[in-house]
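# Descriptive structure summary
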2 protein chains.
Amino acid sequence: MTLSQVLNRIDGDLDAATDRLFDLLRIPSISTDPAYNDDCVKTAEWIAKDLTGIGFDASVRTTPGHPMVVAHGGSDGPHVLFYGHYDVQPVDPLNLWNRDPFDPVIEDTPNGKVIRARGSSDDKGQLMTFIEACRAIVAETGALPCKITIFLEGEEESGSPSLVPFLQENAKELSADIALICDTGLFDYDTPAITTMLRGMTGQEVTIHGPDMDLHSGRYGGPAINPIRVLSKILGNLHDDNGRITVPDFYDGVPELTDELRAQWDGLGFDGDAFLASVGLSVPAGEQDRTILEQAWSRPTAEVNGITGGYTGDGFKTVLPAQATAKVSFRLVGEQDPHKIQENFQNWVRAQIPADCRVEFHDHGAGPASVMATTNPAFEQARLALSDEWPNPAAFIGAGGSIPVAGYFKTILDMDSMLVGFALDDDAIHSPNEKYDLRSFHKGIRSWARILDAMT
Amino acid sequence: MTLSQVLNRIDGDLDAATDRLFDLLRIPSISTDPAYNDDCVKTAEWIAKDLTGIGFDASVRTTPGHPMVVAHGGSDGPHVLFYGHYDVQPVDPLNLWNRDPFDPVIEDTPNGKVIRARGSSDDKGQLMTFIEACRAIVAETGALPCKITIFLEGEEESGSPSLVPFLQENAKELSADIALICDTGLFDYDTPAITTMLRGMTGQEVTIHGPDMDLHSGRYGGPAINPIRVLSKILGNLHDDNGRITVPDFYDGVPELTDELRAQWDGLGFDGDAFLASVGLSVPAGEQDRTILEQAWSRPTAEVNGITGGYTGDGFKTVLPAQATAKVSFRLVGEQDPHKIQENFQNWVRAQIPADCRVEFHDHGAGPASVMATTNPAFEQARLALSDEWPNPAAFIGAGGSIPVAGYFKTILDMDSMLVGFALDDDAIHSPNEKYDLRSFHKGIRSWARILDAMT
């Protein structure tokens, strides 16, 4: 294929590509809230139809949860599997959005044009960079440059309950020479990155039950135990004064950085103070004896993602509630075993429950950390291709986020994954006013065209 | 007046009295939620109209918050002021109600007929016992037996912000020989009580601010501080392992029981285990070196009445939230100073806030504890009158709940208060499925007729 012609076509087609992305962003595919089940199906069907138009053999595949999209194209050369997810995070608190999260628009900002909408960066905008690259290549050359399978799920933001069974049932169809995953970010504005280290995650909901009904805090306050008091005490014990997590055996399987990787990371010139300052903070909250980059990339965490109990409306209600609930997640690294950690955490909580309270746990998924095998030649091919597109050469980096699918591709399909993405730290994914730089979208499409060209 | 005729009329008029109470219960006068402001006004107007019908000179008096109802009647004899509140608690969680909280009904239960509705016990049913007694006396004798002022507020469940200024501005009009307050309970099913010891209360909302927006717990988890973690740690420190509150100087002004009162309370045969068992508990949660009765009546408490932060909807969201909030209240006894305790608590919290977090406090009112002057002859008159109506003789008791107005009557109007009420521990006030025994309503009306007869 003639790369320059493909890149020219991508430049000329950007407005149309943006319109297509807007159509996709308008469908509120919030996977964690059952109210949006139909919208998740609509989204899968929209993408399958679009892929069919490019020449893929695309289908929407039902699961016990939200459907998968599987599409096959091309015939010769290496076989790559592209992964992304079409589901998005909830939008609350809605009042903090400056516009309808599902009414995408191009906004001018001091840093250039951005696409403002839920899912623009995580992950609809990113997955479309690959699809648009394929569209341009087919339009310019009449065919895909190699054998390409596109595999998209709709449950990434809700623990991917259907992913493992689907991979197991369709292992043969989904196995390729390498997986390309587009759900990560640039290292910085001018430096593209290939993420080679990902934290795993396990999440669960903890509910403490005390009295068998809500009580008047005057009549019963004192003698009657308050579940919020029990829950607060337990969560307050989760970290010690040095930011270390106190759950027994939590650090089993946590590796130290290799000298090589540590040197590479030191060379990145990462500005930890600026990283914190960008979100209004100044004091690193993780393990006090670790750098900010380690705290974010290579050290495990425990976070309370949500807590609720008693009266939380306007004004004041003197209630002593019957229960209190917290959503707790752990980010995992190295060889940490998600299931072992769930078990240790639950036992640790149970040991702190008063005799006449009881605790209930609700599982919200578990995925191990991933460390990529950068020995695969595709990594060097992609690194050079990205370095041609962006101002600075591409870097191999770690990432704090969790993309369990990379681990499953390895364990279930014995397939290496290469993570390339174009998001920025200020994209506010999972937050109000999520955005994706138009530049990320445009150069992202061009990056995939270059990578596919380099691999074939 | 001829008491027996009045009591007969009360018995014969019970159905009509119940219908009148139902009309009052149908108005959702939730004072803490601005959405119900108009309903609070409607409720005040309904009562003023009813009192006018009995012959009172009744008026609805506006305040910066919800209106007061003030009504004057009678001419000769001692001057009593009756206090109650027409506002009610919020109804959430609504799904735990077995019917519409504002569609009152008589239900048959193993313990007899009950009136099921929000406010049936706290405090609409209770205040109507006095009004119905006045109605029966006027109907039977043509006049009230003494000078009676009825004073009802609509902000008792939301910190009574307008109460103190209103008492100060109308001190002359509202001053009487004694205040009768109907917002307390029987000691047990067959034992009426005059409450002579009430805990005070101060409440406030605490909001911890961390990052300046919600963050992705993968990207920022570790380096970025989580406000829920900060809030949990602080709330977890509020009590030590012996159930004592750790805020500095918190126990200043907390008195020991007199030997006399301790002996009287020991004589009540209070079953602490049954008290806890009635709400599904078995282990006293207060100060470990105090009896359950002391923990409930004569010792101060700290309770978290509500907590919220991060994602609390269905499913899971890996968010690291920008803020977390708790509603915290303290029950006060003896000479504890509510304002001093607020100040000490706020300083104690501030001292635990990390350098790059900030805390915001929102005041939700403060009222001191009350200890009644039982030397006033009205106490003995009422004790005997109640003993005539109920199976067991009346007892002087304490109460865990807070009725700040009693303290204000003393400090602002130099007026003693006598607290007589007919609620039961299982009325589920402040909880789903609140009820008021029809027996409490009926014998409550009869009790007031007897008390007014004994006092005049």
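Treat the numbers as computed from the prediction; the structure is a model and nothing was measured.

## Observations concerning the overall build of chain A
A tally of regular secondary structure across chain A gives 14 helices and 18 strands. Here chain A has a C-alpha radius of gyration of 23 Å; the compact-globule value for 456 residues is 23 Å, and the two agree. Here the C-alpha coordinates of chain A stretch approximately 80 × 50 × 50 Å along the principal axes. Out of the 456 residues belonging to chain A, those deemed buried represent 63%. Summarising the internal contacts of chain A: among those between residues at least 6 apart in sequence, 79% fall at separations of at least 24.

## Some words on the relation of the copies chain A and chain B
Rotating chain A by 180 degrees and moving it 0.1 Å along the rotation axis overlays it on chain B with an RMSD of 0.1 Å. This pairing of chains is accounted for by a two-fold axis. Looking at chain A, 100% of its interface residues are interface residues in chain B too, so the copies touch through the same face.

## A short note on the interface of chain A and chain B
With 89 residues of chain A at the contact, the number on the chain B side is 89 residues. Carbon and sulfur atoms make up 55% of the area that chain A and chain B hide from each other, which totals about 7800 Å². Among the residues chain A hides against chain B, the three largest losses belong to R219, P223 and F316 of chain A. Together they make up 11% of the total. On inspection of chain A and its partner chain B, the count reaches two salt bridges. Linking chain A to chain B there are 52 residue pairs in polar contact (both at pLDDT 80 or more). Of all the elements in the fold, those that place two or more residues in the side of chain A that touches chain B are β9 (200–209), β10 (215–216), α7 (227–236), α9 (272–277), α10 (292–297), β11 (301–310), β12 (319–320) and β13 (323–332) of chain A. Looking at which element gives the most residues to the side of chain A that touches chain B, the answer is β11 of chain A, with nine residues. Broken down by class, the residue content of the side of chain A that touches chain B amounts to 35 nonpolar, 36 polar and 18 charged. Looking at chain direction, β11 of chain A and strand β11 (residues 301–310) of chain B are connected through five bridges and run antiparallel.

## Quick word on helix α13 (residues 404–413) of chain B
Residues and elements named next belong to chain B. Counted residue by residue, α13 has seven buried out of ten residues, so it is predominantly covered. The set of residues buried in α13 consists of P404, V405, A406, G407, Y408, F409 and L413. Just beyond α13, the residue with positive phi is D414, at close to 50 degrees.

## Describing the sheet that holds strand β5 (residues 112–116) of chain B
Residues and elements named next belong to chain B. The three strands lie next to each other as β4-β5-β18, forming an open sheet whose pairing is antiparallel. Of all strands in the sheet, those bounded by a partner on one side alone are β4 (105–109) and β18 (435–437). Between one strand axis and the next, the sheet turns by 35 degrees as a mean value, whatever way the strands run. In the sheet, β4 pairs with β5 via five bridges, with the strands oriented antiparallel. Each bridged residue has a counterpart across the sheet, and for I106 the counterpart in β5 is I115.

## Let's talk about the sheet that holds strand β14 (residues 358–367) of chain B
The strand order β14(A)-β9(A)-β13(A)-β11(A)-β11(B)-β13(B)-β9(B)-β14(B) describes an open sheet built from eight strands, whose pairing is antiparallel. The open sheet has two edge strands with one neighbour each: β14 (358–367) of chain A together with β14 of chain B. Within the sheet, the average angular offset between the axes of one strand and its neighbour, ignoring direction, is 20 degrees. Bridge count between β11 of chain A and β13 of chain A: eight bridges; the pairing is antiparallel. Note on β13 of chain A: the bridge partner recorded for G309 of chain A is A324 of chain A. Strands in contact with α7 of chain A are β9, β11 and β13 of chain A together with β11 of chain B; relative to β13 of chain A, the strand with the most contacts, it is inclined by about 15 degrees.

## A look at the pairing of strand β13 (residues 323–332) of chain B
Residues and elements named next belong to chain B. Taken across its ten residues, β13 has nine buried, putting it largely inside the fold. The sheet contact formed by strand β9 (residues 200–209) and β13 spans ten bridges and is antiparallel. If you follow I208 over to β13, its bridge partner there is A324.

## Regarding the packing of helix α12 (residues 377–389) of chain B against helix α14 (residues 438–455) of chain B
Residue and element names in this part refer to chain B. Taken N-terminus to C-terminus, the directions of α12 and α14 make an angle of 140 degrees; their axes are 8 Å apart at the nearest point. Of the possible angle classes, the one that applies to α12 and α14 is oblique. Here α12 runs over α14; the crossing is right-handed. Touching A378, Q381, A382, A385, L386, D388 and E389 of α12 are K443, R446, S447, R450, I451, A454 and M455, all from α14. A breakdown of the residues in the contact of α12 with α14 according to their chemical character gives seven nonpolar, two polar and five charged.

## Overview of the UniProt feature "domain: Peptidase M20 dimerisation" (unreviewed entry) in chain A
UniProt's entry tags residues 198–355 of chain A with the feature "domain: Peptidase M20 dimerisation" (unreviewed entry), counted in the numbering of this structure. Span residues 198–355 of chain A is 27% helix and 22% strand, its end C-alpha atoms 40 Å apart.

## Section: unusual backbone geometry
Residues and elements named next belong to chain A. The omega torsion across D122 and D123 is 5 degrees, close enough to zero to call that bond cis. Along the chain, D123 turns up in the loop between β5 (112–116) and α4 (124–141). Of note in this structure, D414 is not a glycine but carries a positive phi near 50 degrees. For D414, the position within the fold is in the loop between α13 (404–413) and β17 (417–420). Taking relative accessible area as the criterion, D414 reaches 61% and is therefore assigned exposed.

## Observations regarding the nonpolar core
With 88 residues, the main nonpolar core has F151 and F409 of chain A as its most contacted residues. In terms of residue count, α4 of chain A provides more of this core than any other element does, nine residues in total. In this structure F151 of chain A touches M68, V69, V70, L81, F82, Y83, G84, L163, F166, L167, L174 and F409 of chain A, once residues within four positions along its chain are discounted. Residues F22, L413, F422 and L438 of chain B belong to the second largest nonpolar core, which totals 87 residues.

## Observations regarding the side chain of R229 of chain A
Turning to its location among the elements, R229 of chain A is positioned in helix α7. No salt bridge is formed by the buried R229 of chain A; the nearest opposite charge belongs to E303 of chain B, separated by 5.5 Å. A polar side-chain atom of R229 of chain A sits 3.3 Å from the main-chain carbonyl oxygen of A285 of chain B.

## Here we look at the packing of aromatic side chains
Here the structure, examined in full by the defined rule, presents 38 aromatic pairs over all chains. Note on F422 of chain A and W448 of chain A: the rings are 6.2 Å apart at their centroids and 90 degrees apart in plane angle, and the pair reads as edge-to-face. Residue F422 of chain A is found in the loop between β17 and β18 (435–437), and its partner W448 of chain A is found in helix α14 (residues 438–455); the two are separated by 26 residues along the sequence. The exposure class assigned to W448 of chain A is buried, which follows from its relative accessible area of 0%. With a centroid separation of 5.5 Å and 55 degrees between ring planes, the pair formed by F270 of chain B and F275 of chain B is classed as tilted. Residue class for F275 of chain B comes out buried when judged on its relative accessible area of 9%. Taken together through their ring pairs, the aromatic side chains of F250, Y251, F330, F345, W348 and F361 of chain A make up a single cluster. We note K443 of chain A situated over the ring of W390 of chain A; from NZ or CZ to the ring centre the distance is 5.3 Å. Geometry around Y251 of chain B places R244 of chain B over its ring, the cationic atom sitting 3.9 Å from the centre.

## Section: the side chain of S370 of chain A
Residue and element names in this part refer to chain A. Considering the arrangement of structural elements, one finds S370 in strand β15 (residues 370–371). On the accessibility criterion, S370 (7% relative accessible area) is buried. Separated by 3.3 Å, the side chain of S370 and the backbone nitrogen of G407 make a polar contact. Here S370 is in contact with T196, M197, L198, I403, A406 and G407, once residues within four sequence places are set aside.

Reading guide: rules and limits
Residues numbered from 1 in each chain as written. Chains lettered and ligands numbered in written order. Predicted model: local features only at pLDDT ≥ 70, side-chain atom pairs only at ≥ 80, totals over all residues. Heavy atoms only, no water. Helix = DSSP H or I, 4+ residues; strand = E, 2+ residues; numbered from the N terminus. Rg over C-alpha atoms; globule rule 2.2 N^0.38 Å. Buried < 20%, exposed > 50% of the residue type's maximum accessible area, 1.4 Å probe, protein only. Contact = heavy atoms within 4.5 Å. Least-squares fit on C-alpha atoms with pLDDT ≥ 70 in both. Buried area = accessible area lost by both parts, 1.4 Å probe. Salt bridge = Lys/Arg side-chain N within 4 Å of Asp/Glu carboxyl O. Polar contact = N/O pair within 3.5 Å; in protein donor to acceptor, adjacent residues only side chain to side chain. Nonpolar A, V, L, I, M, F, W, Y, C, P; charged D, E, K, R; others polar. Pairing = 2+ DSSP bridges. Axes fitted to C-alpha atoms, helices over the stretch in contact; angles between N-to-C directions. Parallel < 35°, antiparallel > 145°, perpendicular 65-115°, else oblique. Left-handed = near helix turned anticlockwise from the far one by under 90°. UniProt positions renumbered as here; feature names shortened; annotations may be inferred. Core = buried A, V, L, I, M, F, W, Y, C linked by side-chain atoms within 4.5 Å. Lys, Arg positive; Asp, Glu negative; His and termini not counted. Phe/Tyr/Trp six-rings, centres within 6.5 Å; stacked < 30°, edge-to-face > 60°. Lys NZ or Arg CZ within 6 Å of the ring centre and 35° of its normal.

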